Amino acid sequence: MLLQKIGCFSNEMIFTKIVWLFSRFSDGLRACLFYYNNFLKDLQKEVKKKKKCGRMVVTSQVGLIPERKRNRKTGSYSLKQQRKGVFFMQTIQMLKTLCQAPGVSGAEEKALEAAEQICKELGECSRTVHKSLVCEVMAPEQGRPHLLLDAHIDEIGLTVTHIEKDGFLRVAQCGGVDRRLVMASPVVVHTENGDFPGVIEGKPEYLQSGEKKNPKLDEIWVDVGMSGEEATEKIALGSKITFVGDFTELENGRVSSKALDDRCCCAAIIKAAEQIKAYWKENHLEPMGLTVLLSSQEETGGLGALTAAFSVCPTHAIVVDVTFGTTPEIADKHCGDLNKGPMVGMGAVLSRRMARDLIAAGKEEQIPHQIEAMGGGGTGTNADGIVKAAQGVETCCVSIPLRYMHTPIETIAVEDVDNTANLIAAYAKKIGR
């Protein structure tokens, strides 16, 4: 049929039809090329505009996003840019790395190793006698300010005090353990022979007489599934025990984990030091000493910070620790709100001048912050020891609001960590002039 139909047309008619079809196809092709060229031009213009705001970063998940742009005058970064891209995710990754490393007071080695891997890019790192990590970011010079940034690296936990004949471990607290929450908690026992998982238990409620109560720590035990002989062979007395608390990302930029007290503050001072060092290098400013101290044994008395401060001998110190975040039962206790920035401490042993300068820097750079009025003669932080080091150190306390303190589900807002770093960096610019 097709041949019959074609045979009805002359060669001239067929040729004319082919030319007509080809011309229509060419017109369509030219239109496609025209629109494609216009698209490329528009894309190039958009890229040029965004390059003025910051370099472009390619990620597999979100495509092209602007990298954070540093304010040349302050050395700080805007919160919106942090939320959009790389900086915000780097903070979460740093928190996860630090929090999941074990480091009970007096046995902080694994946590220190994780922290040193991060800090070694900042400056020369060393350890003190009492296992604090000291990172000299910018060497101090005579007659110039020397700023010490401190956060403690240790976490609460338990210590093995006795092994029963049937293999159960008796324990004592190492730091301020909330005994209401220890029952039925999964734990890890850290030994020279490796890490052994276990669970905490005590006398069942149905066997208790009288009023039911939260057991004391000497009334509980840890079950690691071993016989007495096996446990004695593998687990030494004095071995440290950590609580299991997975790192979980919650809604609205919040995270939950064990050891956020005080590893979130370790992350904050590391990120502050990064900003300060970069700002000084870019602007060729007069030298200022800057040291990061990730101190040991704060949960058991503050020995690490006190002794390290004598060695470092700074002129100024900012101690960063956590404070109580608002929850329903303490909503009227003037605690800190999550996602509203760090809290600047005002207390008897603290420098009011430093506090005022921190608040002024926050206002100038529009960095969210809150005020924490501290009653009594101390702060309950490493600041109480550092102020007494050598001839005395002018010290201020900055706190990150945290919910459920001293539990395996401590919760913070990640942007409060970034804003703590921004606030400290803005303050450093003031004293470094």
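Quantities reported herein were computed from a predicted structural model and do not represent experimental measurements.

Caption draft 1: Structural context of empty space enclosed by the protein. Counted under the stated rule, the structure contains two cavities of 30 Å³ or more. If you add up the space inside the largest cavity, you get close to 60 Å³. If you trace the largest cavity, you find it lined by Glu155, Ile156, Phe243, Lys258, Ala259, His406, Thr407, Pro408 and Glu410. Split into classes, the residues belonging to the lining of the largest cavity amount to four nonpolar, two polar and three charged. Approximately 50 Å³ is the volume found for the second largest cavity. Lining the second largest cavity are Val177, Asp178, Leu181, Val182, Ser185, Phe243, His406, Thr407 and Pro408. Class assignment for the residues of the lining of the second largest cavity results in five nonpolar, three polar and one charged.

Caption draft 2: Quick look at the sheet that holds strand 16 (residues 343-346). Across the sheet, eight strands lie side by side as 3-4-14-5-15-18-16-17; this open sheet has mixed pairing. Edge strands, defined here as strands with exactly one partner in the open sheet, are strand 3 (124-127) and strand 17 (370-373). On average, each strand axis in the sheet is inclined to that of its neighbour by 25°, with strand direction left out of account. In this sheet, strand 18 (residues 394-402) lies alongside strand 15 (residues 316-324) in parallel orientation, the contact comprising nine bridges. For Val320, the partnering residue across the bridge sits in strand 18 and is Val398. In the packing of helix 8 (residues 303-312) onto the sheet, contacts are made with strand 4 (133-138), strand 5 (146-152) and strand 14 (289-295), and the angle to strand 14 comes to roughly 155°.

Reading guide: rules and limits
Residues numbered from 1 in each chain as written. Predicted model: local features only at pLDDT ≥ 70, side-chain atom pairs only at ≥ 80, totals over all residues. Heavy atoms only, no water. 1 Å grid on protein atoms, 1.4 Å probe; cavity = no way out; pocket = protein on both sides within 12 Å on 5 of 7 lines; lining within 4 Å. Points joined across faces, edges and corners; volume = space filled by probe spheres on them. Nonpolar A, V, L, I, M, F, W, Y, C, P; charged D, E, K, R; others polar. Pairing = 2+ DSSP bridges. Helix = DSSP H or I, 4+ residues; strand = E, 2+ residues; numbered from the N terminus. Axes fitted to C-alpha atoms, helices over the stretch in contact; angles between N-to-C directions. Contact = heavy atoms within 4.5 Å.

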